[in-house]
Amino acid sequence: QVQLVESGGGLVQAGGSLRLSCAASGNFFRINGMGWYRQAPGKQRELVAAITRGGNTNYADSVKGRFTISRDNAKNWVYLQMNSLKPEDTAVYYCNADAIVGVATTPLRYWGQGTQVTVSS
């Protein structure tokens, strides 16, 4: 019912920047929270940044001051601007959206397929 497609991943040198984008489409009434998670090899998926529909943001301590999350409610897009990238930022990055679908009164969480970010030292 909700499809999320990420783009913008790739290979970058340490200190560089990347901008991830995620487009939500499908049959839904409204998207509430959106966010970005990441999963490195051998590690659990972790929250990177989240943003409410009203624009309130939350960041993992490891990315504060370097990453910025934003969204376009009209287009149902969410972005992650990543600056001063470090090798430890290397991971598959997933976007998520909490969407109200059909007659449901509580949102369901949907995930994108992930995009690889690799930071070389």
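Residues numbered from 1 in each chain as written. Predicted model: local features only at pLDDT ≥ 70, side-chain atom pairs only at ≥ 80, totals over all residues. Heavy atoms only, no water.

1. Comments concerning the pairing of strand β4 (residues 30-39)
Moving residue by residue along a regular strand, the side chains alternate between the two faces of the sheet.
Here is step 1 of the chain: Of all 10 residues in β4, 8 are buried, a share of seventy percent or more.
Here is step 2 of the chain: Sheet analysis places β4 next to strand β9 (residues 91-100), joined by 8 bridges and oriented antiparallel. The partner of methionine 34 across the bridge, within β9, is alanine 97.
Here is step 3 of the chain: In the sheet, β4 pairs with strand β5 (residues 46-51) via 5 bridges, with the strands oriented antiparallel. (Buried < 20%, exposed > 50% of the residue type's maximum accessible area, 1.4 Å probe, protein only. Helix = DSSP H or I, 4+ residues; strand = E, 2+ residues; numbered from the N terminus. Pairing = 2+ DSSP bridges.)

2. Structural notes on the sheet that holds strand β7 (residues 67-72)
Here is step 1 of the chain: The 4 strands are arranged β1-β3-β8-β7 in an open sheet whose pairing can be described as antiparallel. Two strands lie at the open edges of the sheet, namely β1 (2-7) and β7, each paired on one side alone. Within this sheet the neighbouring strands show an average axis-to-axis angle of 15 degrees, counted without direction. (Axes fitted to C-alpha atoms, helices over the stretch in contact; angles between N-to-C directions.)

3. Points about the environment of glutamine 81
Here is step 1 of the chain: In this structure, glutamine 81 sits in strand β8 (residues 77-82).
Here is step 2 of the chain: Along the backbone, glutamine 81 and threonine 106 are 25 residues apart, and their C-alpha atoms lie at a distance of 29 Å.
Here is step 3 of the chain: Not counting residues within four places of it along the chain, the set of residues in contact with glutamine 81 comprises Ser17, Leu18, Arg19, Arg66, Phe67 and Thr68.
Here is step 4 of the chain: Looking at glutamine 81, its side chain comes within polar contact range of the side chain of asparagine 83, at 2.9 Å. (Contact = heavy atoms within 4.5 Å. Polar contact = N/O pair within 3.5 Å; in protein donor to acceptor, adjacent residues only side chain to side chain.)

4. Here we look at the packing of aromatic side chains
Here is step 1 of the chain: Scanning the entire structure with this criterion turns up 2 aromatic pairs.
Here is step 2 of the chain: Relative to tryptophan 111, the ring of tyrosine 37 lies with its centre 5.0 Å away and its plane at 70 degrees, an arrangement referred to as edge-to-face. You can see tyrosine 37 sitting in strand β4 and its partner tryptophan 111 sitting in strand β10 (residues 108-111), a full 74 residues away along the chain.
Here is step 3 of the chain: Judged by its relative accessible area of 35%, tryptophan 111 is partly exposed.
Here is step 4 of the chain: Aromatic side chains tryptophan 77 and tyrosine 79 sit 6.0 Å apart centroid to centroid with 20 degrees between the ring planes, which places their arrangement in the stacked category.
Here is step 5 of the chain: Note that arginine 19 overlies the ring of tyrosine 79, its terminal NZ or CZ placed 4.2 Å from the centroid. (Phe/Tyr/Trp six-rings, centres within 6.5 Å; stacked < 30°, edge-to-face > 60°. Lys NZ or Arg CZ within 6 Å of the ring centre and 35° of its normal.)

By themselves, these figures tell us nothing about what the structure is for.
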